[in-house]
Each structure stands twice: as C-alpha cells, then as structure tokens.
Amino acid sequence: MDIYPAVDIKDGKCVNLVRGEFDRSTVFDDSPVNAALGWAQAGASWIHVVDLDGARAGRPVNVEIVREIVESTGCRIQIGGGIRSLRHLEMVFALGVERAVLGTAAVENLELVNAASSAFPGRVAVGLDTRAGKVATHAWTSDTEILAADLAVQVAAAGAAALIHTDIQRDGMLSGANVDASAALAKPIDIPVIVSGGVSSLDDVRRTALAGLGGVIIGRALYTGAIDLKSAIEAVESVGV
C-alpha cells in the first residue's frame, strides 16, 4: 500500500482546504516545491499534487510548479485538478508526472476514460469525490445524483488504472477517513482504490492497509504534525502490505 503526501496548490502556495471550500484555505508553505521536497526527504515515494487553480479553471494552471516538483523530488507524482481532455493529459505527462487523475471529465464523459486509458495505459486514475455516496464535480461545487458505487464499476470497466475516493464532508476536517466506504467501492472492481479525506491518525493508515486498499492520501494531518510520515510508512510496513 502506498502513502501519498498531498501538495495542494492555490495561488502559487501549498494550502489545504476545508471540505473543498476555496474560501476556507490554510497556507502551510509559501512554496509547494519546498513542501514536496520535505516529504521526499522524509521517505515518500509518491506525492499527490492537486492543482486547485486548475480545478476551478477547467484546465491545468500550475504547470511550471508541477514541473519543478517532478524534477526536484525524484518522487512519482500523481496529479489532479483541471485535467479534462486528452490534450490536458498530454500536457501533464510531458511534465514527467507518473499518473494523472480525471475527475469532472470522467463523470461527464466516460468515453474519455476509455480513450485516455488506451492512450496512456496504467497512468490514468479517476477521482470519485463524494457527498453521502453521490458524486460531486467542478471542484466539488456541483452535486449530482450519480452513485459513486455505480460510477466506480463503470470507470474500472473503461480501463482506469486506479480510483481515488474522497469523502468531501471529511476532507480537511481531521475527522477520520471513511475507510469502510472506500472498501465497499473496492469490492466489485479489480483496480486499486486510494483513500482520501479526513485522514487524521496512524490508526486511519493502519485500517486502510488492513482493508486491502491501494493507498492513502494524507494532507492536513501531515502539515499539522498529527501524523508523522516516517511513522506512517513504518505502520504500513508492520501490517505487511
């Protein structure tokens, strides 16, 4: 199981939002590159980057910052935020990122998932951002009636390499990860499911590992010191997954 420290970029800084609300952001580092370097030095093999400005704009925005993160950390970079076309995918992969995440685009156009997965095998994930089991889109500002469980099966069948499940109501709240919901999404599909939102303790990390899930994204808890990255890596190793 992989641990993904999160580096969320807004207005050129490393921030964390509460429940995805742009007016409730905390700046944790003026330099997203320095933040990423810190996690790399602490032992991260993956870093999860979110282009929040891109999510609002509907296109990648912070491309030069992402390029610097790729070149300076040596980590495998997973990026989401504003990636809504094959052209956008080509753009971010040209930066050297390992995996790109389709969110709104995957919900609105399942054929894009199929085409993207064929064009970039094993490198395109889908983000399912949910409130009460239903999918939200457009930087979490629009709710749909689409059940996450149904969409998970569809995107897996379309060739997605991984699924990132974020419980929006828990995101940035340090209220504990919704591991059970992520595990339920994982049962009928054969691709890794990565837990995101509300991760607050080593217990969340251990529960994710014990549930057989593919990874966990940790944001605010790392920046506040509630979770130590090295200890989290050791916790996963102790579980043996």
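Our subject is the structure that appears above.
Computed from a prediction, not measured in an experiment: that's the story for all the values here. (Residues numbered from 1 in each chain as written. Predicted model: local features only at pLDDT ≥ 70, side-chain atom pairs only at ≥ 80, totals over all residues. Heavy atoms only, no water.)

(A) Spotlight on the overall build of the protein. Across its full length, the protein carries 11 helices and 12 strands. In summary, the protein has a C-alpha radius of gyration of 16 Å against a globular reference of 18 Å for 241 residues, a match within 12%. Projecting the C-alpha coordinates of the protein onto the three principal axes gives extents of approximately 40 × 35 × 35 Å. Looking at the protein as a whole, 57% of its 241 residues are labelled buried. Intrachain contacts of the protein at a sequence separation of at least 6 include 66% that bridge at least 24 residues. A total accessible area of about 9,700 Å² is found for the protein, and carbon and sulfur atoms account for 47% of it. (Helix = DSSP H or I, 4+ residues; strand = E, 2+ residues; numbered from the N terminus. Rg over C-alpha atoms; globule rule 2.2 N^0.38 Å. Buried < 20%, exposed > 50% of the residue type's maximum accessible area, 1.4 Å probe, protein only. Contact = heavy atoms within 4.5 Å. Areas by Shrake-Rupley, 256 points an atom, 1.4 Å probe, with all protein chains shown as cover.)

(B) How the structure looks around the pattern of salt bridges. Using the criterion set out here, one finds seven salt bridges in the structure. A salt bridge links lysine 13 to aspartate 30; the nearest nitrogen and oxygen atoms lie 3.9 Å apart. Placement of lysine 13 in strand 2 (residues 13-18) and of aspartate 30 in the loop between strand 3 (21-29) and helix 1 (32-41) is noted, with a sequence separation of 17 residues between them. On the accessibility criterion, aspartate 30 (56% relative accessible area) is exposed. Linking glutamate 98 and arginine 76 is a salt bridge whose minimum nitrogen-to-oxygen distance equals 3.5 Å. A residue pair is termed long-range when its members are at least 10 positions apart, and glutamate 98 in the loop between helix 4 (86-93) and strand 6 (99-102) and arginine 76 in strand 5 (residues 76-80) qualify at 22 residues. On the basis of relative accessible area, arginine 76 is assigned to the partly exposed category, the value being 41%. When salt bridges that share partners are traced, they join Asp203, Asp204 and Arg207 into one network. (Salt bridge = Lys/Arg side-chain N within 4 Å of Asp/Glu carboxyl O.)

(C) How the structure looks around the nonpolar core. Within the largest apolar cluster, 69 residues are counted, with the highest numbers of intra-cluster contacts made by Val7 and Leu102. Contacts of leucine 102, omitting those with residues within four sequence positions, involve Ile83, Leu89, Leu112, Val113, Ala116, Val124, Ala125, Val126 and Gly127. Of all hydrophobic cores here, the second largest spans nine residues; its members include Ala6, Trp46, Ala162 and Ile217. (Core = buried A, V, L, I, M, F, W, Y, C linked by side-chain atoms within 4.5 Å.)

(D) How the structure looks around the side chain of threonine 208. Its place among the elements puts threonine 208 in helix 9 (residues 202-210). You can call threonine 208 buried: its relative accessible area is 0%. When near neighbours in sequence (up to four residues on either side) are disregarded, threonine 208 contacts Met1, Val179, Val195, Leu213, Gly215 and Val216.

(E) Local environment of helix 4. All buried positions along helix 4 are accounted for by His88, Leu89, Val92 and Phe93. Around the axis of helix 4, the buried residues are gathered within 130° of arc, so they sit on the same side. Lining the buried residues of helix 4 we find strand 5, strand 6, helix 6 (110-119) and strand 7 (124-131). (Arc of directions from axis to C-beta.)

(F) Representation of helix 11 (residues 229-239) within the structure. Three or more residues of helix 11 are buried, namely Leu229, Ala232, Ala235 and Val236. End-on, the buried residues of helix 11 take up no more than an arc of 115°, which puts them together on one face. Summarising the geometry of helix 11, the exposed residues directed more than 90 degrees from the buried face are Glu234, Glu237 and Ser238. As for helix 11, its buried residues are in contact with strand 1 (2-10), helix 1, helix 9 and helix 10 (220-224). Looking at where helix 11 begins, the residue whose side-chain oxygen comes 3.3 Å from the main-chain nitrogen of lysine 230 is aspartate 228. Downstream of helix 11 by a residue or two, glycine 240 has a phi angle that is positive, lying close to 85°. (Polar contact = N/O pair within 3.5 Å; in protein donor to acceptor, adjacent residues only side chain to side chain.)

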